[in-house]
Amino acid sequence: MDFLSLTPMQMDALREVGNVGAGNSATALSQMVQKAIDMKVPSLGVVPFDHVADHMGGPETLVAGVYLRVEGKAPANLLFVLPIDSAKALVDMLMGFPPGTTQGIGEMETSALKEVGNILAGTYLSALAMFTRLTFEQSVPALAIDMAAAIISVVLTSIAEVGDHALLLATEFVGEGQQIAGSLFLIPEEGSLELILGSLGLA
């Protein structure tokens, strides 16, 4: 099965998982930084691998990408991507710095972005597990800063068997008057999408 063959009902179910995960992510982030941060999934779509970089701002756009491998009965891959300026703005939001404070991505900033990726992945997978009753285990997050096309290339070479498309969940972080957009890509391995949908009662 490929994402392109999903019915509107199946897409709605996956969108609901994303919304629940976003709500839980917002709660976890707010607790981590001790201030209100809202998070939304304004849209969900299917993206051909050839066009994933376009949804990051273009193949040559400098981005911060947090990658996690997902193990279990339905193995998959999660990639959270932010344009570099948005990544710096998110660090400012998390650290309570005035906008524009963060100028580079050093050790502290890397740690903060990895933790955001970890929380996003964990809450999304927890929501997916709640809906499907499947078990998901995520790897330690890895962060890369590079051009969008280079990050996609590295991710795809680490995946054995996948379809031709990824599920894109647009993400929005809202806090202290700022709105920061990112992208969360779910790339299931062969057979995983069928198992997830079957567990949702939507196969």
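Residues numbered from 1 in each chain as written. Predicted model: local features only at pLDDT ≥ 70, side-chain atom pairs only at ≥ 80, totals over all residues. Heavy atoms only, no water.

(A) A look at the packing of aromatic side chains. Considering all chains together, one arrives at 1 aromatic pair under this definition. Seen in terms of ring centroids, Phe80 and Phe173 are 6.0 Å apart; in terms of plane orientation they differ by 70°. Their pairing is edge-to-face. Of the two residues, Phe80 is situated in strand S4 (residues 76–83) and Phe173 in strand S7 (residues 165–175); the sequence distance between them amounts to 93 residues. Grouping residues by exposure puts Phe80 and Phe173 together as buried. (Phe/Tyr/Trp six-rings, centres within 6.5 Å; stacked < 30°, edge-to-face > 60°. Helix = DSSP H or I, 4+ residues; strand = E, 2+ residues; numbered from the N terminus. Buried < 20%, exposed > 50% of the residue type's maximum accessible area, 1.4 Å probe, protein only.)

(B) Inspection of unusual backbone geometry at higher detail. Of note in this structure, Gln34 is not a glycine but carries a positive phi near 60°. Position of Gln34 relative to the elements: it lies in the loop between helix H1 (8–33) and strand S1 (38–40). Non-glycine residue Arg133 carries a positive phi angle of around 65°. Structurally, Arg133 is set in the loop between helix H3 (107–132) and strand S5 (136–138). With relative accessibility at 76%, the residue Arg133 sits in the exposed group.

(C) The arrangement of the UniProt feature "domain: CheC-like protein" (unreviewed entry) in the chain in detail. Cross-referencing UniProt, the feature "domain: CheC-like protein" (unreviewed entry) maps to residues 9–44 and 108–143 in the present numbering. From the first C-alpha to the last, residues 108–143 spans 12 Å; its make-up is 69% helix and 14% strand. (UniProt positions renumbered as here; feature names shortened; annotations may be inferred.)

(D) Representation of the side chain of Glu172. In this structure, Glu172 sits in strand S7. This buried residue, Glu172, is left without a salt bridge; Lys40 holds the nearest opposite charge, at 5.0 Å. Here Gln179 takes part through its side chain, which lies 3.3 Å from a polar atom of the side chain of Glu172. Not counting chain neighbours up to four residues away, the residues in contact with Glu172 comprise Asp38, Met39, Lys40, Pro42, Gln179 and Ile180. (Lys, Arg positive; Asp, Glu negative; His and termini not counted. Salt bridge = Lys/Arg side-chain N within 4 Å of Asp/Glu carboxyl O. Polar contact = N/O pair within 3.5 Å; in protein donor to acceptor, adjacent residues only side chain to side chain. Contact = heavy atoms within 4.5 Å.)

(E) Region of the structure containing empty space enclosed by the protein. Per the stated rule, a full pass over the model turns up 1 cavity of 30 Å³ or more. Quantified by volume, the largest cavity comes out at close to 60 Å³. Every residue along the wall of the largest cavity is listed here: Gly18, Gly21, Ala22, Ser25, Met39, Val41, Leu120, Tyr124, Leu169, Thr171 and Leu184. Looking at the lining of the largest cavity, the elements with two or more residues in it are H1, H3 and S7. A per-element tally of the lining of the largest cavity places H1 first, with 4 residues. Residue composition of the lining of the largest cavity, grouped by class: 7 nonpolar, 4 polar and no charged. (1 Å grid on protein atoms, 1.4 Å probe; cavity = no way out; pocket = protein on both sides within 12 Å on 5 of 7 lines; lining within 4 Å. Points joined across faces, edges and corners; volume = space filled by probe spheres on them. Nonpolar A, V, L, I, M, F, W, Y, C, P; charged D, E, K, R; others polar.)

(F) A look at the pairing of S4. The element S4 is extensively covered by neighbouring structure, given that 7 of its 8 residues are classed as buried. In this structure, the hairpin formed by strand S3 (residues 62–72) and S4 is closed by a connection of 3 residues. Two elements, S4 and strand S8 (residues 178–188), share 6 bridges in a ladder whose sense is antiparallel. Bridge pairing links Asn77 to Ile187 in S8. (Pairing = 2+ DSSP bridges.)

(G) Structural context of the environment of Val66. In this fold, Val66 is placed in strand S3. On the basis of relative accessibility, which here comes to 2%, the residue Val66 falls in the buried class. Once the C-alpha coordinates of Val66 and His165 are considered, the two residues, 99 residues apart in sequence, prove to be 19 Å apart. Dropping the residues within four chain positions of it, Val66 is found in contact with Leu78, Leu79, Phe80, Leu113, Lys114, Gly117, Pro141, Ala142 and Leu143.

(H) Inspection of the packing of H1 against H3 at higher detail. At a minimum axis distance of 8 Å, the contact between H1 and H3 shows a crossing angle of 140°. Relative to H3, H1 is oriented oblique. Remark: the crossing between H1 and H3 carries right-handed chirality. For the pair H1 and H3, the contacting residues are Glu16, Val17, Gly18, Val20, Gly21, Asn24, Ser25, Ala28, Leu29 and Met32 in the first and Glu115, Val116, Ile119, Leu120, Thr123, Tyr124, Ala127, Leu128, Met130 and Phe131 in the second. For the contact of H1 with H3, the residue count by class is 13 nonpolar, 5 polar and 2 charged. (Axes fitted to C-alpha atoms, helices over the stretch in contact; angles between N-to-C directions. Parallel < 35°, antiparallel > 145°, perpendicular 65-115°, else oblique. Left-handed = near helix turned anticlockwise from the far one by under 90°.)

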